[in-house]
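Structural description and commentary
Now for the letters of each chain:
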Amino acid sequence: MASTASQRALDYLEGLPGTTFTRLYQQPSTALAIFRRMLPHLAKTIVMAMLYMPEPLTANSLDAWVKPDADSVGVKDRALSILQRLRILEEEGRAYKLAAAFAKSLRMALTGGGNHRSFGVPCSTPDEKPVSVDYLDTFARKQWESILYYVVGSANTELAAAEDISAGTKQLLQKGSFVTIRGRAATITDTGFTFLLQEVNAQIWTLLIVYLEVSSELQMDPVDVLSFLFTLGSLELGTSYATTNLTPTQQQMLDDLTDFGLVYRRTPDSTRYYPTRLATTLTSDAPALPNSSLSSTTTTDITAGAPQTVSQQQNEKGYIIVETNYRLYAYTNSPLLISILSLFSNLQTRYPNLVTAKITKASVLSAINTGISSQQIIAYLTTHAHPVLRHATPILPPTVVDQIRLWQIEGERMTAWKGFLIKDVGSDKDYEKAVQYAEALGVLRKEFRAKGWFFVTRMDQMSGYFKSQNARRRQEAAAAAAAAGQEGGSSAT
Amino acid sequence: MPRAVGGVLVECDPSIKAIISRINEQHNHDIIIEDIDDEHVLIKKDKHEELKALLKDALRDTVKEAEETSESE
């Protein structure tokens, strides 16, 4: 299944109207990116198998590809559901076919050819002063971290010294309600906290989706914006690309993407642009910031810039030690990491390479009040646990983990899901079948068997199911009536 | 023909459910759409946040003593 990062993109895409999809799929790079990144394995297999089929594939033949046991059928239904939601697969009666635009673009992406230029046009002349990959990484990291600093800094004024970000980005962060402006200072929100604790790739998508939403308000064409993002995902790191064949919207985007650190341009009117690692990993699983202070303990204090050998050895390995007495030791000197820790723990002492803190009920509750869940805190502590802790299983002391959960449960007395309650399904057999179908789709949340009701999180495909069930029943009834009529007729003669 | 009712499904302890029912009565029965069983109710989508806040208030009044213990050390 796709990772959390592309899940966000998937959710956004699903909300788009069908015509937008048809236009999106004109670009081979978009078709390829969606195929590569957003589809589960079985869906990819189905698309590949159907890619060169001239005729629609009947539902029966498709069923024959899948083992008839409940698990496999469930996986198949889920795959079909995603394909249909992304308008890749179209249903024609009892047969399926790939959307024409998608199939054409994907074929073109795989076999090459055409002059669509959707995979970017590299500059024909070499740059006089070529930009190294290292430089791009540093640039990307600096830009992206100053955004994170701004979000965290709004919770922690001691970080105000961090580099400033452009007014446009600030506005965007407000629009996405990562921060709210109270008086003159920006204050972090629960969305902002969630944003901070995500991995970099997910953060980028989160921000880009806000960007997409805002761009349509600014009369920018979302199809242009999206297909450019997917193009960026297929570009090569360290190569310069020409801006000349970009649409005006995309030219406009370059400025904003430079602010985010997704592309690098030497001057704002340069005719070439370099994608950074943030951009080229948009549609892949590779880490977006190899030397990020979020994933390592290296000194990423950009102003000081003095790398510390001790902390670099712990690079990528985690830096937090949690003891059973709720004390927390973090081997870091990055202000960004320290302020993230301060979101859910009480900082006590700071040494040159170490911060000590204590997890208290008050600190956890204040985090929960601003929207961080105990799950997120625990996940953060686990993924960033020091190697010393990793020898033990479980990694974190169970007492601390349980207590953090209990502190949250204390405040939360109910769980809630948005969705639809389905009633009056009909006979027990109909009910059973409908529930099984909902479960296979992965939308079933809760069954109330005694009442013959059940609760689902999405309705669109369920209503399709009920309609087809209804139609079949009517057909059967008509057939039965006809048969009865014939019988009656034959007995009369 | 099956019917679908949109809303928010809330799962909670029976004791909390009782409080939710009481809140519902105090608000002209404008929150709950369907009372499913002791641990589940279906409420109106736009009332979810409101109910959360109301429930928090109600709980603050009732379970105060439990809150103020473990803050020592």
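In short, a report on the structure. (Residues numbered from 1 in each chain as written. Chains lettered and ligands numbered in written order. Predicted model: local features only at pLDDT ≥ 70, side-chain atom pairs only at ≥ 80, totals over all residues. Heavy atoms only, no water.)

Topic: the overall build of chain B
Each helix and strand in chain B was counted, giving three helices and three strands. N-terminal to C-terminal, the α/β element order of chain B is β-α-β-β-α-α. Sorting the 73 residues of chain B into buried and exposed places 38% on the buried side. When contacts within chain B are restricted to residue pairs at least 6 apart in sequence, long-range pairs at least 24 apart make up 57% of them. About 4500 Å² of surface is accessible on chain B, with carbon and sulfur atoms providing 46% of the total. (Helix = DSSP H or I, 4+ residues; strand = E, 2+ residues; numbered from the N terminus. Buried < 20%, exposed > 50% of the residue type's maximum accessible area, 1.4 Å probe, protein only. Contact = heavy atoms within 4.5 Å. Areas by Shrake-Rupley, 256 points an atom, 1.4 Å probe, with all protein chains shown as cover.)

Here's the deal with the overall build of chain A
Of the regular secondary structure elements, chain A holds 22 helices and 15 strands. In chain A, which comprises 493 residues, the share counted as buried stands at 49%. About 23400 Å² of surface is accessible on chain A, with carbon and sulfur atoms providing 53% of the total.

Description of the sheet that holds strand β7 (residues 263-264) of chain A
All names here are of chain A. Read across the open sheet, the three strands follow the order β6-β8-β7; overall the sheet is antiparallel. Here the strands that pair on one side only, and so sit at the sheet edges, are β6 (241-242) and β7. Bridging between β6 and strand β8 (residues 272-275) involves two bridges; their strand directions are antiparallel. Bridge assignment links A242 to a residue of β8, and that residue is R272. (Pairing = 2+ DSSP bridges.)

Focus: the nonpolar core
With 116 residues, the main nonpolar core has L86, I88, W144, L232, L257, F260 and L381 of chain A as its most contacted residues. Ranked by residue count, the leading element in this core is helix α11 (residues 200-217) of chain A, at ten residues. Formed by 16 residues, the second largest nonpolar core is a distinct cluster that contains V10, I32, L51 and L59 of chain B. (Core = buried A, V, L, I, M, F, W, Y, C linked by side-chain atoms within 4.5 Å.)

Some words on the environment of N353 of chain A
Position of N353 of chain A relative to the elements: it lies in the loop between β11 (346-350) and β12 (355-358). Between the C-alpha atoms of N353 of chain A and N333 of chain A, which are 20 residues apart in sequence, the distance is 5.4 Å.

Concerning unusual backbone geometry
Residue and element names in this part refer to chain A. The backbone phi angle of R87 is positive, close to 55°, even though this residue is not glycine. Looking at the element boundaries, R87 is found in the loop between α6 (70-85) and β2 (89-92). When its relative accessible area of 34% is taken as the criterion, R87 is described as partly exposed. Phi angles above zero are rare outside glycine, and S177 is one such case at about 50°. Within the fold, S177 resides in the loop between α9 (167-175) and β4 (179-182).

Concerning the interface of chain A and chain B
Each partner contributes residues to the interface: chain A has 26 residues there, and chain B has 33 residues. Here chain A and chain B share an interface that buries about 2600 Å² over both sides, 58% of which is from carbon and sulfur atoms. The largest per-residue losses of area from chain A upon contact with chain B belong to R413, M414 and K423 of chain A, which jointly make up 26% of the total buried on that side. At the surface where chain A touches chain B, the tally comes to three salt bridges. For E11 of chain B, the salt bridge identified is with K446 of chain A, shortest N-O distance 2.8 Å. Counting every contact that joins chain A to chain B gives nine residue pairs in polar contact (both at pLDDT 80 or more). Of all the secondary structure elements, the ones that give two or more residues to the side of chain A that touches chain B are α17 (361-369), β13 (414-423), β14 (444-448), β15 (453-456) and α22 (460-492) of chain A. Looking at the side of chain A that touches chain B element by element, the count peaks at ten residues for β13 of chain A. Grouping the amino acids of the side of chain A that touches chain B by side-chain chemistry returns 13 nonpolar, four polar and nine charged. Summarising the sheet, β13 of chain A and strand β1 (residues 3-12) of chain B pair through ten bridges and their orientation is antiparallel. The partner of K423 of chain A across the bridge, within β1 of chain B, is R3 of chain B. (Buried area = accessible area lost by both parts, 1.4 Å probe. Salt bridge = Lys/Arg side-chain N within 4 Å of Asp/Glu carboxyl O. Polar contact = N/O pair within 3.5 Å; in protein donor to acceptor, adjacent residues only side chain to side chain. Nonpolar A, V, L, I, M, F, W, Y, C, P; charged D, E, K, R; others polar.)

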